[in-house]
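Structural features, examined
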Amino acid sequence: MKLVIAIIQPSRLEAVKEALTEVEVFRLTVMDCQGFGRQKGQTEVYRGHEFTINLLRKVQLQIAVNEEFVEPTVDAIVKGARSGEKGEIGDGKIFILPMDECVRIRTGERGPDAI
């Protein structure tokens, strides 16, 4: 079992959800978050004054999957989140973490069956 964490642009959320549906991944958690990477924020002008926005709005997805769904899930996220053919800085990141245990609260099932 793995926990896939993806940080993407909010505008790409619907495209990512559609791509995940195509590979039969239907369960995910979505959270609003803020941060920056190579972008290092952005500079904007408001009423004639320039200021820097250090934290950019992003969306974080958390998806628990069994081993056989890891690569299809990652491929779907990349397909949905990438801007254009080659992508752009700020398209996001995907982290894949080992998951020791999963418990379905309703039934008490554990492990891969609980996902």
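Every chain begins its residue count from 1, and numbering advances along the sequence as written. Since the coordinates come from a predicted model, pLDDT governs what is reported: local features require at least 70, and pairs of side-chain atoms require 80 or more to be given and counted, while whole-chain, interface and lining totals use all residues. Each side-chain value is worked out from all heavy atoms of the structure, with water and hydrogens disregarded.

The name given to the chain in an unreviewed UniProt entry is P-II family nitrogen regulator, and the organism recorded there is Blastopirellula sediminis.

Helix and strand definitions here come from DSSP, where helices need a minimum of 4 consecutive H or I residues and strands a minimum of 2 consecutive E residues; each element is numbered from the N-terminal end. Mapped onto the elements, Leu28 comes out in the loop between α1 (13–22) and β2 (29–35). Throughout this description, buried means an accessible area under 20% of the type-specific maximum (1.4 Å probe, protein chains only), exposed means over 50%, and partly exposed covers the range between. The class of Leu28 is partly exposed, set by a relative accessible area of 28%. As for Leu28 and Ile63, which are separated by 35 residues in sequence, their C-alpha atoms are 4.8 Å apart. Two residues form a contact once any of their heavy atoms are found within 4.5 Å. With near-sequence residues (within four places) excluded, Leu28 lies in contact with Leu61, Gln62 and Ile63.

Attention shifts here to helix α2 (residues 70–81). Multiplying 1.5 Å by the helix residue count minus one yields the expected span of that helix. With 12 residues, α2 should cover 16 Å at 1.5 Å per step; its first-to-last C-alpha distance of 16 Å lies within 8% of that length. Within α2, burial applies to Val70, Thr73, Val74, Ala76, Ile77, Gly80 and Ala81. Within α2, the buried residues cover an arc of 160 degrees as seen down the axis, which keeps them to one side. On its buried side, α2 packs onto β1 (2–8), α1, β5 (56–65) and β6 (92–98). Within this analysis, the arc is defined by the directions that extend from the helix axis to the C-beta atoms.

Moving on: the nonpolar core. The biggest cluster of nonpolar side chains holds 17 residues, and the ones touching the most others in it are Ile8, Val16, Leu20, Leu61, Ile63 and Ile77. The set of elements that each furnish at least two residues to this core consists of β1, α1, β5 and α2. Dropping the residues within four chain positions of it, Ile77 is found in contact with Val4, Ala6, Ile8, Val16, Leu20, Ile63 and Ile94. One finds Met1, Cys102, Ala114 and Ile115 within the second-largest nonpolar core, a separate group that totals five residues. By convention a nonpolar core is built from buried Ala, Val, Leu, Ile, Met, Phe, Trp, Tyr and Cys residues, the set being connected through side-chain atoms within 4.5 Å.

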